[in-house]
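# Close look at the chain arrangement
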Amino acid sequence: MFKRIVLLSLLGISSAFIQAQTLNKSLGNLSSQKNIEQGIVLNTENGNARILVYSPSVIRISLSKTENFDDFSYAVIAKPGNTKHTIQDKGNSISIKTDSCELVISKNPVRFQLLNNKGQILNEDDASFGTGWIGEEVCTYKKLQDGERFIGLGEKTGNLDRRGEGYTNWNTDYFGYPANGDPLYSSIPFYMGIHHGLVYGVFLDNTSKTHFNFGASNERFSSFMAEEGDMNYYLIANSNVAEIIKSYTDITGRMEMPSLWSIGFQQCRYSYYPESEVLTVAKTFRDKKIPADVMYFDIHYMDKYKIFTWDSERFPNPKRMLDQMDNLGFKSVVIVDPGIKVEKGYKSYEEGVAQDLFLKFPDGTNHIGSVWPGRCHFPDFTNEKTRLWWGNSFKGYVADGIDGFWNDMNEPASWGQKFPDLVEAYYDGIKANHRKWHNVYGMQMSRATFEGTKKLLNNKRPLILTRAAYAGIQRYSAIWTGDNRADDESLLVGVRLVNSLGLSGMPNSGYDVGGFGGECNINTFARWIAVGAFCPFFRNHKMIDAKDSEPWSYGERVEEISRNYISLRYKIMPYLYSAFYEASTTGMPVARSLAISYTHDPMIYDGKYQNQYFFGNGLLIAPITGPTTITKVYLPKGNDWYDWYNDSKSAGGNEIYVETPLEKIPVFVKGSSIIPMQTLVQHAGEKPADTLFLHIYKGSENNTFVYYEDAGDGYDYQSGDFHQRDINYISSKNELNIEKAKGNRNSKFNQIKVYFHGFGDVKSIKVNGGAKSITKENYKLMNDMPQFDPIGKGISANQSVLSTLILSNSKDKISLKW
């Protein structure tokens, strides 16, 4: 900086001018205002503002140095709705009010304050700073409220409560990232603030490098800054976290239903080859009765790492091999990297050059960077022409029998980790340099993969997985959290990353079970496979030259633990698939931070308990690490809780000690929960027995579970081919109503077997007004594992004696009262 000032002084530029260029310049006072459709435009001393009402709870604020506002967005798919609102000039301020909130704009200087419909302050500008520019950087400063907490912000390490921390959004290839590593692979600049029993959301839609400060190194303000472009952000005002997530996904979109097989267990390695090894691993899963649905092909399946090719020596007949995988009940997924090798005669290279599809320098020459294949060009996925070409290039893979596509190295990564900023992308007609397009590159690659393969797969749902992403990625792909490490710390970091992604509108994400980099010990893998069974995206992965990491690779004891927990996941598939349905309709995550349901309970932010989360709406998971044989769990207040393994009941609002031999991680069921289950299958293509097991847990609250089925693949569900019904538990009446089914599809279960947990000895019951007989059953959740008990007593599944009732599963309403 000193050298710069001396140089400018030598050029005759005054220090006063230098200072004027580097100091913060805020919006200043209001000069003029004009009402527009769904909002207002303001001209100020140093800039311009436009406020648009998107819905009763979502207001967009755009701030620019010029009179033009950047309206193009890869993240936002909604338009300002025809929302009832009023705009009132109150002299010193302007009020924009909807049924849900009010935005108060002070005039001198221009500052913004968001109130709820009761007049309580949700969010407000720092009175002195507001929004201002330092050079091209634009930053908004918000007053820190007393006791304010911050949650979300996507794939970010650190604590659940982000107060006192700062983060950067810049998609980065970060191998073996530590517990505080930042930035990582994806950028989702959306967070929620919590204070005084209130909550609000902020989404900064700017694709350049952005920085968030939640009171780091200061106690006055939180802030969010973009290194270039408009200050373009959305304020979201709802009464609870779940509604804010819904409002956020109203504007950025939601995931489609995943295929049933894609939420099963998945096995990966860098890399399985030749084809004989792939088939051997698949057959071993079947021989050992460890359920699994998916196997992956990492980069060694390709001819010299060239995308859209196969290595003819390692895989001489891909279609024959993939047919064999299908016969074993396995779906197959290939890795796809964006780098196109610069090689004469290579089809993808020749087509890309001929059709002008690659990222370019300003002089029109194609950029070259080195990655796995060597010198590469990179497709410009911000160009529709490129996206169409990329999507059509999957024809060969689809014809061979590939079912899913794993988008990697798409930050984009290249050797040297320094993409030149002057490299240009089409940016759908706007044209942008690397500083603007970098953070959306992975998202647009995933979009191209999704849109292309969806067309090619003939009414099948592709599995799309990505490492790099931007807000709105949930419309196209699942996320995995990149190249983690094989240690206990990374296990817990992964849990928090997935929970944070869920808070940020991304319901389908996961981590590499067992850790990608390094050797995983027996205890860590046993804990990780158990916790992973309760992760939305469940994949085991290991890097090259490491020891084998399949479930049977850690000895007989860990193999049995793996079999038990993977099997348990397949038994709760009706529960899990219904949770994904909820995600597709409301944006509610599958793995749910306790901050969603217990937002204002300080205990859930405690370092001892911040890793706990709900899996779906009824199962509380308490991740643990290592050989710990006893651990402390926090059960939030408001209802009773049941140990899932033995039905022992504990009151809410308590910290309890739980025995945790290596065979068990703590899982509790919230009172009033409804957990549908099925018989064990070895993969999603195997049909379960025709009885749906419906577990109802006594509680003090009413509860509704939305049960959902469809074909498990394809898109006919979008035109009515589904089976959905609300299941309502009315606590005060001991009543369960299985409402009339919606949709054109019959359930795959002909019978429903109801299990009553916590109700004691149910003597009599009426079904639709008529008396039915109750039977007793010795019930256990998991298999016994006596051979592995270190003290010789046997690890028992702790069977319970439960009252049960069998019903015919008609589509009509079924009412139970006991």
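Just above sits the structure.
For the structure given in this document, a descriptive report is provided here. (Residues numbered from 1 in each chain as written. Predicted model: local features only at pLDDT ≥ 70, side-chain atom pairs only at ≥ 80, totals over all residues. Heavy atoms only, no water.)

Bringing the overall build of the chain into the picture now. Across its full length, the chain carries 14 helices and 54 strands. For 818 residues, the compact-globule estimate of 2.2 N^0.38 gives 28 Å, and the chain sits close to it at 28 Å. A principal-axis box enclosing the C-alpha atoms of the chain has dimensions of 90 × 70 × 50 Å. The 818 residues of the chain split such that 62% are buried. At a minimum sequence separation of 6, the contacts of the chain that also span at least 24 residues come to 69%. (Helix = DSSP H or I, 4+ residues; strand = E, 2+ residues; numbered from the N terminus. Rg over C-alpha atoms; globule rule 2.2 N^0.38 Å. Buried < 20%, exposed > 50% of the residue type's maximum accessible area, 1.4 Å probe, protein only. Contact = heavy atoms within 4.5 Å.)

In this section: helix 6 (residues 347–354). Working note: α-helix, 3.6 residues per turn, so residues spaced by three or four point in the same direction. Within helix 6 the residues assigned to the buried category are Ser 348, Tyr 349 and Gly 352. Down the axis of helix 6, the sector holding all buried residues measures 100°, keeping them to one side. More than 90 degrees from the buried face of helix 6, the exposed residues found are Lys 347 and Ala 354. Those residues of helix 6 hidden inside the fold are in contact with strand 24 (340–341), strand 26 (374–377) and helix 7 (384–392). A positive backbone phi angle near 60° is found at Asp 356, which sits one or two residues after helix 6. (Arc of directions from axis to C-beta.)

Turning our eyes to something else, we now look at unusual backbone geometry. The step from Asp 182 to Pro 183 runs through a cis peptide bond, and the omega angle for that step is -5°. Tracing the sequence through the fold places Pro 183 in the loop between strand 14 (166–169) and strand 15 (186–187). Of note, the bond from Tyr 270 into Ser 271 is cis; its omega dihedral lies within 30 degrees of zero at 0°. If you check the backbone angles, Tyr 305 has positive phi at about 65° while not being a glycine. Looking at the secondary structure, you find Tyr 305 in the loop between strand 22 (294–297) and helix 5 (318–327). The exposure class of Tyr 305 is partly exposed, given its relative accessible area of 28%. One non-glycine residue, Lys 431, lies in positive phi territory at about 65°. Summarising the element assignment, Lys 431 is placed in the loop between strand 28 (424–425) and strand 29 (432–433).

A separate point is the pattern of salt bridges. Under the defined criterion, the tally for this structure stands at 51 salt bridges. Ionic pairing is found between Glu 227 and Arg 435, a salt bridge with its closest N-O pair at 3.8 Å. One end of the pair, Glu 227, is in the loop between strand 19 (221–226) and strand 20 (231–236); the other, Arg 435, is in helix 9 (residues 434–456), and 208 residues separate them in sequence. Of the residues examined, Glu 227 reaches a relative accessible area of 18% and is grouped as buried. Across the pair Asp 311 and Arg 314 runs a salt bridge whose closest N-O atoms are separated by 3.9 Å. Using a relative accessible area of 25% as the deciding quantity, one classes Arg 314 as partly exposed. (Salt bridge = Lys/Arg side-chain N within 4 Å of Asp/Glu carboxyl O.)

Turning next to the sheet that holds strand 44 (residues 674–677). Taken in spatial order, the five strands line up as 44-45-49-53-52 in an open sheet, and their pairing is mixed. On the outer flanks of this sheet lie strand 44 and strand 52 (775–779), each paired with one strand and no other. Going across the sheet, the axis of each strand differs from the next one's by a mean of 30°, ignoring polarity. Where strand 45 (residues 691–697) lies against strand 49 (residues 751–757), seven bridges are found, and the strand directions are parallel. Along strand 49, the bridge assignment pairs Thr 691 with Gln 751. Across the sheet, helix 13 (residues 573–586) lies against strand 44 and strand 45, angled at about 115° from strand 44, the strand it touches most. (Pairing = 2+ DSSP bridges. Axes fitted to C-alpha atoms, helices over the stretch in contact; angles between N-to-C directions.)

Running from amino to carboxyl end, helix 12 (residues 556–571) crosses helix 13 at an angle of 60°, the nearest separation of the two axes being 5 Å. Only Met 573, Pro 574 and Leu 576 of helix 13 make contact with helix 12, whose side of the interface consists of Arg 569, Tyr 570 and Lys 571. Residue composition of the contact of helix 12 with helix 13, grouped by class: four nonpolar, no polar and two charged. (Nonpolar A, V, L, I, M, F, W, Y, C, P; charged D, E, K, R; others polar.)

Looking now at the packing of aromatic side chains. Note on aromatic pairs: each is described by the distance of the centres and the angle between the planes. Throughout the structure, instances matching the rule amount to 71 aromatic pairs. Both rings, one in Tyr 177 and one in Tyr 185, keep their centres 6.1 Å apart while their planes meet at 75°; by these two values the pair is edge-to-face. In this structure, Tyr 177 and Tyr 185 share a single accessibility class: buried. The interplanar angle of 65° and the centroid separation of 5.1 Å between the aromatic rings of Phe 308 and Trp 390 together place this pair among those described as edge-to-face. Taken together, the residues Phe 308 in the loop between strand 22 and helix 5 and Trp 390 in helix 7 connect sequence positions 82 residues apart. (Phe/Tyr/Trp six-rings, centres within 6.5 Å; stacked < 30°, edge-to-face > 60°.)

Attention now goes to empty space enclosed by the protein. Evaluated as defined, the whole model comprises seven cavities of 30 Å³ or more. Its volume calculated, the largest cavity comes out at about 250 Å³. Around the largest cavity sit 20 residues that line it, and Glu 256, Pro 258, Pro 462, Tyr 476 and Asn 508 are the ones nearest its centre. When grouped by side-chain class, the residues that make up the lining of the largest cavity number twelve nonpolar, five polar and three charged. Roughly 90 Å³ of internal volume is contained in the second largest cavity. Around the second largest cavity sit 13 residues that line it, and Leu 160, Arg 162, Arg 496, Asn 499 and Ser 500 are the ones nearest its centre. (1 Å grid on protein atoms, 1.4 Å probe; cavity = no way out; pocket = protein on both sides within 12 Å on 5 of 7 lines; lining within 4 Å. Points joined across faces, edges and corners; volume = space filled by probe spheres on them.)

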